[in-house]
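# Structural overview for review
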Amino acid sequence: MPKGYWIAHVTVSDPEQYKLYAVEAPEAFKKYGASILARGGAFQQMEGEGRPRNVVIEFPSLQAAIDCYNSPEYQNAKAKRAGAGVAEIVLVEGV
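Presented here is a report on the structure given in the accompanying data block. (Residues numbered from 1 in each chain as written. Predicted model: local features only at pLDDT ≥ 70, side-chain atom pairs only at ≥ 80, totals over all residues. Heavy atoms only, no water.)

## Things to note about the overall build of the protein chain
Operational definition: The helix and strand labels rest on DSSP assignments: H or I over at least four residues marks a helix, E over at least two residues marks a strand, and numbering proceeds from the N terminus. For the radius of gyration, the atoms used are the C-alpha atoms, and the globule rule reads 2.2 Å times the number of residues raised to 0.38.
Along the backbone of the protein chain there are three helices and four strands. Shown N-terminal to C-terminal, the secondary structure of the protein chain runs as helices and strands in the order β-α-β-β-α-α-β. Whereas a compact globule of 95 residues would reach a radius of gyration of roughly 12 Å, the protein chain reaches 13 Å, a difference of no more than 12%. Expressed along its principal axes, the backbone C-alpha trace of the protein chain runs to roughly 35 × 35 × 15 Å.

What follows is the structure, given as structure tokens:
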């Protein structure tokens, strides 16, 4: 079964508010078997519009990534991220 990937591009405008999200989100990721492959760090934007924070999370499957996103644990963390910036998140199936 192909793995699933959560790819997020984020601009944080309120770091203190974003910390509330960052404390709670890992609970959901752990529950659904996620491995964080990239989070923040140096990057080189090659095409298109970029955001200063880029995250790649690997899941056992695309369905696990979807279930994590829709879980009460993640939705609670996401609610704490509201107003802390702008996020673009896509869930994709690996090959």
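## Details of the packing of aromatic side chains
Stated precisely, the cut-off is as follows: Pairing of aromatic side chains here covers Phe, Tyr and the six-membered ring of Trp, requires ring centres within 6.5 Å, and sorts the geometry by plane angle: under 30 degrees stacked, over 60 edge-to-face, intermediate tilted. Two conditions define a charge located above a ring, namely a distance within 6 Å from the ring centre to NZ of Lys or CZ of Arg, and an angle within 35 degrees of the ring normal.
Overall, the coordinates contain nine aromatic pairs when judged by the stated rule. Between W6 and F59, the ring centres sit 5.8 Å apart and the planes meet at 20°, which makes this aromatic pair stacked. Taken as a pair, W6 in strand β1 (residues 4-12) and F59 in strand β3 (residues 53-59) lie far apart in primary sequence, 53 residues in all. An aromatic cluster of three or more residues is present, and its members are W6, Y18, Y21, F29, F59, Y69 and Y74. Positioned above the aromatic ring of Y21, the side-chain terminus of R81 is 5.2 Å from the ring centre.

## Focus on the packing of helix α2 (residues 62-70) against helix α3 (residues 72-81)
Threshold: The axes are straight lines fitted to the C-alpha atoms, using for helices just the contacting stretch, and the angles between their N-to-C directions are given from 0 to 180°. Angle categories are assigned with fixed cut-offs, so that under 35 degrees is roughly parallel, over 145 is roughly antiparallel, 65 to 115 is roughly perpendicular, and the rest are oblique. By definition, residues are in contact when any of their heavy atoms lie within 4.5 Å. Only Asp, Glu, Lys and Arg are considered charged, only Ala, Val, Leu, Ile, Met, Phe, Trp, Tyr, Cys and Pro nonpolar, and every remaining residue, Gly among them, polar.
The interhelical angle for the contact between α2 and α3, taken along N-to-C directions, is 55°, at an axis separation of 5 Å. The angle between α2 and α3 falls in the class oblique. Contacts between α2 and α3 involve C68, Y69 and N70 from the former and P72, Y74, Q75 and K78 from the latter. Each residue belonging to the contact of α2 with α3 can be placed in one class, and the counts come to four nonpolar, two polar and one charged.

## Re the pairing of β3
We count it as follows: Exposure categories follow from relative accessible area, calculated using a 1.4 Å probe and restricted to protein chains: below 20% of the type maximum is buried, above 50% is exposed, and the middle band is partly exposed. Two strands are said to pair when DSSP picks up at least two bridges between them.
Of all seven residues in β3, five are buried, a share of seventy percent or more. Where strand β2 (residues 35-39) and β3 come together, four bridges link them in antiparallel fashion. Across the sheet, A38 pairs through a bridge with V56, a residue of β3.

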